[in-house]
Amino acid sequence: MGLADLWGHHWAEILLIASLLTMWSLPAAVQLTSDANPLTTIQSEKDVVLSMLGTPPPGTPDSSPTIAISQDTATEQRENVTFRCSTQDADVTIHWVFNDLPLVFHERVQLSTDGKTLTILTVQREDSGTYKCEAQAFHQVRSSAPTFLTVNHGPDPFEIKLESGVSRGEVVEVIEGSTVTFSVETQSHPPPSYTWFLPYDSIPPPTMSSFTIQAVSREHEGTYRCLVSNGATHLLRLGALKVRVLETLTKPHIVPPSLNLVENASSVALTCQTPHEGAGVLWLLRGQALLPSDHLVLSADNRSLVIHGLRRDDTGPYECEVWNWGSRARSEPFRLAMSYGPDRVDITSGSAPGVVSTVEAELNSSLTLQCRAESQPGAEFHWTLEQSTAVHAGQVLIIWALTWEHQGIYNCTASNPLTHLARSASVRVRVVGPQSSLSAGAIGGIAIGILAVIALSAGLGCFLYIRNARRLCPWSLTDLSLHSQKEPPSVTPGNNSHGPRKPSPEVTLDPLVPTLPKGNTESHYEVLVNPERNIYGQINPSV
């Protein structure tokens, strides 16, 4: 029940008693006399009533309890505080009130047996506030005046906060040119003092809990410290914050390898070159984020990409992107120059679709053969005809007029000077068209026979008609017989050279040929059948 309720209840009792007095005859001891003062008599009766209710009559000294405190200001966790409630009334019950609410007791709050002494051990900041004690007797409650306890505390540990920044572990990153605000928040009573230590000297150190930098630059990069002190508690707290200023990112560059790359025989390292040390690096392959594997290995900082065992589909394009939480920049696409091949060699003909292994063409017609093979760089091609030493360089072989000699197997060889690989394919060419029923050997034999007959006839004629003028004949019969047994000279180039003439061996003449009589030793010449000598041709023997 509150004080207002108690006083209301007492005044109701007073009114009830006053109404009874109107009907109650005063005792003889208090009968009014003619010379008595009525007001004094009424006042005395009122005092009697108030005395019966336990309320001091007006004009009497105040008997409300009072509080004595050992100290009204204490330091947190260092001191104890004792409250003593004093009252003039006996047989009263003491109640303690904290911030207008009944005090909650716990292990740090101790109360004496009579309840008049309250002790707070090792005061805490939550013990700060107003304390009152109430003395309650029968229907009467008297309250002391409030007593205020102040507990000095702090400063508590704190962290420096940076607006417009992003924390990266122990470092806070800010974008160059942005506006940043440093601030400190800590619990302390009384309010603390602030001293800032800056990594540059362009402005005086601030003495407030916060300050702002406009258009931050690389000059502002470094460690910021703030010292917070409380003169009452004699406590000091120091906070620190490392700040990194991120430059506006520029386009990175992929450093190409310096070696010639060969498929399946090389490993290559690509480096993303950027001047921004704090920027993250992301690799992209064909426009998509690159997924690391045993084949594609990234370094710990993602700035190098190693490709093991090059394949021809590893040519790219590759891109590297540098980024921070405020901006991004991407390199130009980069493709690897890789050597590979040649792969399978295919031969095609202008007159036949697809790859061919046999080609038939008309005699005297033209023929085009093309050789192809996948290779990087482009392959070098060479054509050869079987059983021939001739070599034709080029991817395309053209024969303008086919002859029988063009028949055969043609080989095409593709080679790569960088991979040192070579592959080949072949095609059979057949020439079709009209031709003689006799073979070339038969025709040659006939020609040689005809020449032999002509030579023999000429020799016999000369022998018959120049018996007496034998010197006019350029050939001897023995020579004719010898030439008739020899084959005609070969038509192959290189066989047309003539050596010195050898003596003719002895031969047996044909019995049908007339000879000189044995007894005629006067002349070594036959008698000419025709005496007109001008019909014969003269041959100089010295030639």
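Fair warning: this is a prediction, and the values are worked out from it, not measured in the lab.

**Some remarks on the side chain of Thr 186**
Relative to the helices and strands, Thr 186 resides in the loop between β14 (180–184) and β15 (193–197). In this structure Thr 186 comes out as buried when scored by relative accessible area, which is 17%. There is a polar contact of 2.8 Å between the side chain of Thr 186 and the backbone oxygen of Asp 156. Contact partners of Thr 186, with chain neighbours within four places excluded, come to Pro 155, Asp 156, Phe 158, Pro 192, Tyr 194 and Val 228.

**Here we look at the nonpolar core**
By size, the foremost hydrophobic cluster in this structure holds 23 residues, and its most contacted members are Ile 347, Leu 369, Trp 383 and Tyr 410. Secondary-structure elements contributing two or more residues to this core are β31 (358–362), β32 (367–372), β33 (380–385), β35 (396–399), β36 (408–416) and β37 (421–432). Among the elements that take part in this core, β37 stands out by supplying 4 residues, more than any other. Leu 249, Leu 270, Phe 334 and Leu 336 belong to the second-largest nonpolar core, a separate cluster that totals 22 residues.

**Remarks on the pairing of β36**
The sheet contact formed by β33 and β36 spans 6 bridges and is antiparallel. From the neighbouring strand, Thr 384 faces β36, where its bridge partner is Asn 411. Joining the antiparallel neighbours β36 and β37 is a turn of 4 residues, in which His 420 adopts a positive phi near 60 degrees.

**A closer look at the sheet that holds β14**
Ordered in space as β11-β14-β16, the 3 strands form an open sheet in which the pairing is antiparallel. Where the open sheet ends on each side, the last strands, each with one partner, are β11 (160–163) and β16 (210–213). Neighbour-to-neighbour, the strand axes of this sheet turn through a mean angle of 20 degrees, independent of strand direction. Note: β11 against β14, 4 bridges, orientation antiparallel. Note that in β14 the partner of Ile 160 across the bridge is Val 184.

**Digging into the state of the cysteines**
Across all of its chains, the model carries 3 disulfides by this definition. Between the sulfur of Cys 371 and that of Cys 412 lies a disulfide, 2.0 Å long from S to S. Between Cys 371 and Cys 412, the disulfide has an S-S torsion of -105 degrees and is therefore left-handed. One end of the pair, Cys 371, is in strand β32; the other, Cys 412, is in strand β36, and 41 residues separate them in sequence. With relative accessibility at 0%, the residue Cys 371 sits in the buried group.

**Here we look at unusual backbone geometry**
Here the residue pair Gly 341 and Pro 342 is connected by a cis peptide bond, since its omega of 5 degrees sits within 30 degrees of zero. Turning to its location among the elements, Pro 342 is positioned in the loop between β28 (338–339) and β29 (346–349). Here Gln 376 and Pro 377 are connected by a cis peptide whose omega angle stands at -5 degrees. Structurally, the position occupied by Pro 377 is in the loop between β32 and β33. Backbone geometry places Gln 77, a non-glycine residue, at a positive phi of 65 degrees. With respect to the secondary-structure elements, Gln 77 resides in the loop between β2 (73–75) and β3 (81–86).

**Section: the packing of aromatic side chains**
Scanning the model with the defined rule gives 8 aromatic pairs in all. Among the aromatic residues, those joined into a ring-pair cluster are Phe 182, Trp 196, Tyr 200, Phe 211 and Tyr 224.

**Structural notes on a nonpolar patch on the surface**
Together, Val 396, Ile 398 and Trp 400 give the surface a local cluster of nonpolar side chains, amounting to about 330 Å² of exposed area. Looking at where Ile 398 falls in the secondary structure, it is placed in strand β35.

**Let's talk about the confidence of the model for the protein chain**
Of the residues in the protein chain, 71% reach a pLDDT of 70 or more, and the chain-wide mean stands at 77. The secondary-structure element of the protein chain with the lowest mean pLDDT is helix α4 (residues 477–485), recorded at 37, while strand β10 (residues 147–152) shows the highest, at 97. pLDDT under 50 marks residues 1–55. Its contacts with residues more than four places away, or in other chains, come to 27 contacts.

Rules of the game
- Going along each chain's sequence as written, the residues are numbered from 1 onward.
- This being a predicted model, a pLDDT of at least 70 is required before a residue's local features are given, and a value of 80 or more before pairs of side-chain atoms are given or counted; all residues contribute to the totals for chains, interfaces and linings.
- Side-chain measures here rest on the full set of heavy atoms in the structure, leaving out hydrogens and waters.
- Counting from the N terminus, the helices are DSSP H or I runs at least four residues long and the strands are E runs at least two residues long.
- A 1.4 Å probe rolled over the protein chains alone gives each residue an accessible area, and that area as a share of the maximum for its type sets the label: buried under 20%, exposed over 50%, partly exposed in between.
- Side-chain atoms alone can form a polar contact between residues adjacent in sequence; in general such a contact is a pair of N or O atoms within 3.5 Å, and within protein one must be able to donate a hydrogen while the other accepts it.
- Throughout, a residue-residue contact means that at least one pair of heavy atoms, one from each residue, lies within 4.5 Å.
- Buried Ala, Val, Leu, Ile, Met, Phe, Trp, Tyr and Cys residues form a nonpolar core when they are joined through side-chain atoms within 4.5 Å.
- Think of it this way: DSSP has to see at least two bridges between two strands before they count as a pair.
- In this analysis an axis means a line fitted to C-alpha atoms, helices contributing only their contacting stretch, and an angle means the value between N-to-C directions, from 0 to 180 degrees.
- Throughout, disulfides are identified as pairs of cysteine sulfur atoms within 2.5 Å of each other.
- Here a pair means two rings of Phe, Tyr or Trp (six-membered ring of Trp) with centres within 6.5 Å. Their orientation is stacked below 30 degrees between planes, edge-to-face above 60, and tilted elsewhere.
- In this analysis, a patch consists of residues with relative accessible area above 30% that form no salt bridge, clustered at 9 Å for like charges and at 5 Å for the nonpolar side chains Val, Leu, Ile, Met, Phe, Trp and Tyr.
- Surface accessibility in these figures is a Shrake-Rupley result with a 1.4 Å probe; residues are shielded only by whichever protein chains are displayed.
- Each salt bridge in this description consists of a side-chain nitrogen of Lys or Arg and a carboxyl oxygen of Asp or Glu lying within 4 Å of one another.
- The score called pLDDT rates the predictor's confidence residue by residue, from a low of 0 to a high of 100.

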